[in-house]
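# Observations on chain architecture
Each chain, written out:
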Amino acid sequence: MKNLLILTVAVLLMNCSQPEQVAQLPVEIPDNPFYADFNVPVDFASITSDDVSEAAETIQTITDTRLANIVSINEENRTFDNTMKALDELYANYSAISYPIYLMAYTHPDSTLRNNALNFNTTLSQYVNEITLNEDLYNAVKSYAGSDEAKELTGYKKKFVEETVTGFERNGFALSQEGRDELKGINDQISSIGDEFSKNIASIQDFLILSNEEMAGLPDDFKAARKQDDGTYKVDLSYPSYRPFMKYAESERARKALYVKYNNRATENLEVLPQLLQKRLNMAKLLGYSTYSEYRLEDRMAKNPKTVWDFEINLKNDLAEKLALDKAELLEAKTTKVGESDKVNGWEASYYNNVLLEEKYELDAEEVKQYFAMDDVIDGLFMITQTLFDLEYKEVENPSVWHEEVRMFEVYQDEKLKGVFYLDLHPRENKYGHAACFGFVNGRMTKEGYQIPNASLVCNFPRATEDRPALMPHGQVQTFFHEFGHVLHQMVTTADLYSQSGTNVSRDFVEAPSQIFENWTWNYDAVKLFAKHYKTREVLPEELFNKMLAAKNVGSAINASQQVFYGTYDLTLHDRYNPSGELSTTDVLKEVQNEISAYEYVDGTNFQGAFGHLNGYGSSYYGYLWSLVYAQDMFSIFDENGILDKETGLRYRDIILARGSSEDELELVKEFLGRDPNNDAFLKELGL
Ligand SMILES: [Zn+2]
């Protein structure tokens, strides 16, 4: 049945005096829908569960062969193309199979296929991790890096070689065998301690039993879902319970009790965390870094801990003025309700914030929604981005997709096909539950021409009902614009290498091109182009829009300070803390919270036990605000020149989006801004 196509990756030897080249092994490409022809989209509609298995298994064999071919080249014959470009191609080809499988694992309606894809996901990502630990491959790269040709490299090629070598050495390849064995031991411990940390968070089961009086203020459906046979209510510590409770519960005593419980989730982790921090510190030291942050930040846009410390400290100082105003406003809301008081506590914040919104700002989210019918939002988003970036989207009729609701679009630039994106917008049973952009083929230069990138938006927006179109709350409109920013980053890339194209940029920069797009949903000139009442077609009134803006800015500095607090706490633990010393992680928490957060530390609370980011994103929490500061700074240029100004749009497209990480991200930002970045626009956006 299998129609095997034999591709031979031959390396031509031009210089006959060189030692004989080891023969390159042939790569056999199976006849399988995941292995689409060059620039032909995957035939998603025809995929079967067996196709998933075959594609997942064969890509590992194929990659083994490609790896062997790279490794087998003699030192004197190594070139950028046969070593570095070949390695980049290996990753590109691997991900062009593994990423669509990943997409299927989260979206395919057939449960057998979906579960099969989900199972292969794990093996596929383990396999790719092992490549980064392949010693022969490291030696191949290292030997090329030392060659005369490599020393002459400039630009993106030089950057790629340096980053690849550093990447391997961060995995311990610069160490002796003994050191590497030790490193492996520490890394295994880090991952098992990290698993324990996460498991403790996942198994949180604590709850509070409350009386009917203590439930006063909560919506009926919230109460009904938690009512027990004896008439009491069981409120657990999940977000859907905790958040509405803190927002609506009138009983301060009950709110405080839940707050204290919430901030003591997974207290087993108070023992686990110092172990995790100690192992990370040991790992960093073994590799020659003085702290874990130094290790973690080296390959980020931030580069080193000092930059992040300065970032957090400057933000804290710059937020001080608006923070004081926000706190005073919140305190006033409290005083009006309960009489003279001197501060707002952590368990009162959400409640009085809501009082403020309802009584002072009177914003009705239901009313706002009627101006954001999904089709209007899509039209607006498309119109704005096509105009700004000089693109044209064409919907593909009768596309081959994984579900009948999925739509497919081609992106054209100067009448040339640039990319393909899919919109999978509505919820389904067992579908991925949030909103995300799944980039599954990255753009890059190949022997056959430029590889067209493919991406899909996977969201959970409402469907139309019989009597009205799908109406989106403004928060969803913002999410839609955000995720589409990731799509565009993929679509308009011009980078030569897979590793540097589209969203393959530093982790602390990758959100900036999506965060920037949220601004178009907060700008009346943009919003009035598409926000029309679904019945009357009346444009969203400016007065209502201004109310939305005012409500958005309520407590904005309090929220930002909370982010600075989380970021600083994470940084402190990973950069300026001795896990085996006198101070506990709670001592540090108390100090940092009292210094930065709008709310005083409450004795007996230990929020860090359930601060899940400390595991997966150790020393990385700063990234959320970091990329936002860059996003807002870049948006300020649009704000000045006009939010539909094509010239600015094209500069943004060609400098920031198109180049990916083929140049240092900070240099790209500077080039676009025409100056050094700063946080003025970020602060302005908070309503300062
Ligand atoms: Zn994002």
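Residues numbered from 1 in each chain as written. Predicted model: local features only at pLDDT ≥ 70, side-chain atom pairs only at ≥ 80, totals over all residues.

### Let's talk about the domain arrangement of the chain
Taken domain by domain, the chain consists of domain 1 (5-174), domain 2 (205-262), domain 3 (291-365 + 556-623) and domain 4 (368-395 + 406-553). The distance between the C-alpha centroids of domain 2 and domain 4 comes to 37 Å. (Domains from an automatic or database assignment.)

### Quick word on the pairing of strand S6 (residues 407-413)
In terms of strand pairing, strand S5 (residues 392-395) meets S6 through 4 bridges, oriented antiparallel. In the strand pairing of S6, lysine 394 is matched with glutamate 410. Note that S6 and strand S7 (residues 416-424) share 7 bridges and pair antiparallel. Across the sheet, residue arginine 407 finds its bridge partner in S7, namely leucine 423. Joining the antiparallel neighbours S6 and S7 is a turn of 2 residues, in which aspartate 414 adopts a positive phi near 50 degrees. (Pairing = 2+ DSSP bridges. Helix = DSSP H or I, 4+ residues; strand = E, 2+ residues; numbered from the N terminus.)

### Considering unusual backbone geometry
Notably, lysine 303 is not glycine yet its phi reads approximately 70 degrees, a positive angle. Tracing the sequence through the fold places lysine 303 in the loop between helix H12 (292-297) and helix H13 (305-338). Residue classification places lysine 303 among the partly exposed positions, given that 16 C-beta atoms sit within 10 Å. Of note in this structure, asparagine 398 is not a glycine but carries a positive phi near 45 degrees. (Buried ≥ 20, exposed ≤ 12 C-beta atoms within 10 Å, placed from the backbone.)

### Quick notes on the packing of helix H25 (residues 646-657) against helix H26 (residues 665-673)
Packing of H25 against H26 leaves a shortest axis separation of 9 Å and a crossing angle of 165 degrees. Put simply, H25 runs roughly antiparallel to H26. As H25 packs across H26, the resulting crossing turns out to be right-handed. Together, Arg651, Tyr652, Ile655 and Ile656 of H25 and Leu668, Glu671 and Phe672 of H26 make up the contact between the two elements. For the contact of H25 with H26, the per-class residue count stands at 5 nonpolar, no polar and 2 charged. (Axes fitted to C-alpha atoms, helices over the stretch in contact; angles between N-to-C directions. Parallel < 35°, antiparallel > 145°, perpendicular 65-115°, else oblique. Left-handed = near helix turned anticlockwise from the far one by under 90°. Contact = placed C-beta atoms within 7 Å. Nonpolar A, V, L, I, M, F, W, Y, C, P; charged D, E, K, R; others polar.)

### Brief notes about helix H20 (residues 542-553)
In this model H20 runs 17 Å from its N-terminal to its C-terminal C-alpha over 12 residues, within 8% of the 16 Å that 1.5 Å per residue would give. Phi turns positive one or two residues past the end of H20, at glycine 555, with a value near 70 degrees. (Expected span 1.5 Å × (residues − 1).)

### With respect to the nonpolar core
Across soluble globular proteins, nonpolar side chains have a tendency to be buried as a group. Ranked by internal contacts, the top residues of the largest apolar core, which has 171 residues, are Val52, Ile101 and Met104. Here this core gets 11 residues from one element, more than from any other, and that element is helix H2 (residues 80-107). Those residues in contact with methionine 104 that lie beyond four places of it in its chain are Ile47, Val52, Leu113, Arg114, Ala117 and Trp402. (Core = buried A, V, L, I, M, F, W, Y, C linked by C-beta atoms within 7 Å.)

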